[in-house]
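What follows is each chain in one-letter form.
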Amino acid sequence: MGGLVVVAVAFASVARAQSVVPPQIAMINDAIEQGWADYEITPAKEADDAVWCRRVFLDIIGRIPSLEEQQEFASERGGDRRAKLVDRLLHDDRYTEEYANHWATVWSNLLIGRGGGMGRRDLTNRDGLMKYLRDSFAEDKSYDRLVYELVTAEGATKPGAPGFNGAVNFLVGKVNEEKAVLAASSVSRIFLGQQVQCTQCHNHPFNDWKQQKFWEFNSFFRQTRALRRFVDGTRDVEYAELVSEDYAGEAGDPNDALVFYEMRNGLTRVAYPVFTDGTEISKSGFVDDVNRRQELGRLMMDSQSLDRMAINRYWSMFLGYGFTKPIDDMGPHNNPTHPQLLDDLSQAFRGSSYNLKDLITWITLSRPYSLASVLGSNNQIDDPSIGETPKFSRFYLRQMSAEQLYQSLVSASGGNATGTYEQQEKKRREWLRQFVVTFGTDEGDEATTFDGSIPQALMLFNGELTQNATSTKPGSFLDRLSQSGKSTRDRLNLLYKAGLSRQPTKREVALAGELYRARGGKEIEMLQDVWWAILNSNEFIMQH
């Protein structure tokens, strides 16, 4: 009888625990766990709280947590402290600015690249786009509204200019050259998960995109122009303006505004605006009859491709890999690893009115996101780095982005960067520029690298940011740390906790002891050496 009572109580506890799990999180867990069962693998154990805390800070607001923030999290009681931390990072006023800045940076890099808006002759104004995105994320704008505004925006690029609309900076540099080919391919790839750039010249060899389809999609951008606005009385460009204007078509008849394209066999064909699902709009080029970009935005809002691409992108941002590889090439030719979960999450996202904070909550509180980054004997086949499909049975180790590293070093120095926002942003861009590599592809692809080049190594070893972070002047992080704890060992533990979210190993403690003696018993100098080594370690720049 007693055993039955115990079983009944245990069952009731499980039932209560399950009842409080939001259905979207349960859906993720069920789908991923079914995959583990199918592959007969055992997932890694759950990551400890400190590691998970560091992970979620980096993913949601773009930096590691301070010691005080780790201690606040550790002091929480109850089984829902992880949920409380996610809620705090997403909704507490303390983090609104950092949340908005982090996601504005992520999306700026996606929309115009890290080098976009940095050149003197560039029509794009990076500050304008950042302002628009910061405001959008700070006010918790829904994903569909964000996309619609970016695709249909009109106005001036530069903050302070008449008619300023920062959203125009996504397309303003893409519409004038080469018949708006880059505008068409960027919108299709970034928001619909369809890579079509090569179909401007020929049918796609692997998917169902044909050359005709590309030029039909491209036709939506033919009413759009980027106009230069000059400083009064000079030929100096002050800013650009994105406008919709009547389009006469390549045959010169605005009532039948067609575009021509040439096939590989030399024949010429015509195209009008037709969405990817086959929906046609008016062939008129008069804006009063039909605004083609607004029609495109409306059609995109109804497309399931919009939902699936959003889910695939956000999943890959938090889990390291998407459901397809690459994430922005989706369709029947590229089967997702978890097709049902991708569809179900897409529907749930639309059902939540495209609330990004809801989506982030579902992913960060799911079981796959909570796992340790251990590749064990029971899940050895889960290694996407060697070409295996991801099964999400562990958290995949990955490097911080250059932006996360910068913000983490700023945080490690014990506070926010000094100066106005513009001054801070200028410093940040100068620092980041050293990590950016641009490739000569049609999309102007780029990446950031930590490849240990001499300039990068010197910057990390001796740069201003590292010097600030390892300063021992009054009020600095190390100065405050040296006055905390009960013993040198306590302070050493806190140092490792601050940088790596773990305790030092026996060997690391022994090395610290040797440093302590070499420094003649001056503890703060020993702590400074250890802190410098931590900040320059591979482990520091890894998200684990």
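Above this text is the structure in question.
Residues numbered from 1 in each chain as written. Predicted model: local features only at pLDDT ≥ 70, side-chain atom pairs only at ≥ 80, totals over all residues. Heavy atoms only, no water.

**Thoughts on the overall build of the protein chain**
Broken down by element type, the protein chain carries 24 helices and nine strands. Within the span of the protein chain, comprising 544 residues, buried residues form 49% of the whole. Of the contacts made within the protein chain by residues no fewer than 6 positions apart, 65% connect residues no fewer than 24 positions apart. Here the protein chain has roughly 25,400 Å² of accessible surface; of this, 50% comes from carbon and sulfur atoms. (Helix = DSSP H or I, 4+ residues; strand = E, 2+ residues; numbered from the N terminus. Buried < 20%, exposed > 50% of the residue type's maximum accessible area, 1.4 Å probe, protein only. Contact = heavy atoms within 4.5 Å. Areas by Shrake-Rupley, 256 points an atom, 1.4 Å probe, with all protein chains shown as cover.)

**Focus on the nonpolar core**
Counting residues in hydrophobic clusters, the biggest one holds 97 residues, and the most contacted among them are F191 and M300. In this structure M300 touches V147, V151, V187, F191, L192, F275 and L306, once residues within four positions along its chain are discounted. One finds A402, L409, F435 and L500 within the second-largest nonpolar core, a separate group that totals 34 residues. (Core = buried A, V, L, I, M, F, W, Y, C linked by side-chain atoms within 4.5 Å.)

**Some thoughts on the packing of helix α9 (residues 181-192) against helix α10 (residues 211-218)**
Axis separation between α9 and α10 bottoms out at 9 Å; the angle between their running directions is 100 degrees. The orientation of α9 with respect to α10, classified from their angle, is roughly perpendicular. Contact residues: α9 offers V181, A184, V187, S188 and L192, while α10 offers F214, W215, F217 and N218. In terms of residue class, the contact of α9 with α10 is built from seven nonpolar, two polar and no charged. (Axes fitted to C-alpha atoms, helices over the stretch in contact; angles between N-to-C directions. Parallel < 35°, antiparallel > 145°, perpendicular 65-115°, else oblique. Nonpolar A, V, L, I, M, F, W, Y, C, P; charged D, E, K, R; others polar.)

**With respect to the sheet that holds strand β2 (residues 224-230)**
With antiparallel pairing, the three strands of this open sheet are ordered in space as β1-β3-β2. A single partner strand is all that each edge strand has here, and the edge strands are β1 (155-156) and β2. Sheet topology places β1 next to strand β3 (residues 237-244); two bridges connect them, and they run antiparallel. Directly across from G155, in β3, lies its bridge partner L242. (Pairing = 2+ DSSP bridges.)

**Comments concerning unusual backbone geometry**
That bond from K325 to P326 is cis: its omega, -5 degrees, falls within 30 degrees of zero. With respect to the secondary-structure elements, P326 resides in the loop between α12 (304-319) and α13 (339-351). At S501, a residue that is not glycine, the phi angle is positive and equals roughly 60 degrees.

**Concerning the pairing of strand β4 (residues 259-262)**
Look at any regular strand and the pattern is simple: side chains alternate between the two faces of the sheet. Side chains V259 and Y261 project from β4 onto a buried face, and the interleaved F260 and E262 project onto a face without burial. Here β4 pairs with strand β5 (residues 268-271) via four bridges, running antiparallel. Looking across to β5, one finds that F260 is bridged to V270. Linkage of β4 to β5, two consecutive antiparallel strands, is achieved through a turn of five residues, within which G266 is found at a positive phi near 95 degrees.

**As for helix α17 (residues 421-432)**
Compared with the 16 Å implied by 1.5 Å per residue over 12 residues, the 16 Å span of α17 between its first and last C-alpha is a close match. Taken as a whole, α17 has its buried residues at E425, R428, R429, W431 and L432. Buried residues along α17 cover an arc of 160 degrees about the axis, so they all sit on one side. Those residues of α17 that are exposed and angled more than 90 degrees off the buried face are E422 and K426. (Expected span 1.5 Å × (residues − 1). Arc of directions from axis to C-beta.)

**With respect to the environment of L182**
On the secondary structure map, L182 appears in helix α9. Using a relative accessible area of 28% as the deciding quantity, one classes L182 as partly exposed. In this structure the C-alpha to C-alpha distance between L182 and N218, which are 36 residues apart in sequence, comes to 9.1 Å.

**What about the pattern of salt bridges?**
Scanning the entire structure with this criterion turns up 37 salt bridges. Linking R88 and E72 is a salt bridge whose minimum nitrogen-to-oxygen distance equals 3.6 Å. Remark: E72 occurs in helix α4 (residues 67-74) and R88 occurs in helix α5 (residues 81-91); sequence separation between them is 16 residues. Among the salt bridges present, the one from R298 reaches E295, with a minimum N-O distance of 2.6 Å. Taken together, the positions of R298 and E295, both in helix α11 (residues 292-301) and three residues apart, correspond to about one turn of that helix. Overall, E295 belongs to the partly exposed group, its relative accessible area being 21%. Members of the salt-bridge network, linked through shared partners, are E72, E76, D80, K84, R88, D92 and R94. (Salt bridge = Lys/Arg side-chain N within 4 Å of Asp/Glu carboxyl O.)

**Digging into the packing of aromatic side chains**
A full pass over the atoms with the stated rule returns 24 aromatic pairs. Pairing F57 with Y95 gives two aromatic rings, centres 6.1 Å apart and planes at 85 degrees, and the pair type is edge-to-face. Taken together, the residues F57 in helix α3 (residues 49-61) and Y95 in helix α6 (residues 93-112) connect sequence positions 38 residues apart. We note that F57, like Y95, is buried. Ring centres 5.4 Å apart and planes at 20 degrees place the aromatic pair W103 and Y314 in the stacked group. Of this pair, W103 sits in helix α6 while Y314 is found in helix α12, placing the two residues 211 residues apart along the sequence. By relative accessible area, which is 2% here, W103 ends up buried. Residue Y314 is classed as buried on the basis of its relative accessible area of 1%. An aromatic cluster of at least three residues, connected via ring pairs, comprises W107, Y143, F170, F191, F349 and Y354. It is K357 that lies over the ring of Y99; its NZ or CZ is 4.8 Å from the centre. (Phe/Tyr/Trp six-rings, centres within 6.5 Å; stacked < 30°, edge-to-face > 60°. Lys NZ or Arg CZ within 6 Å of the ring centre and 35° of its normal.)

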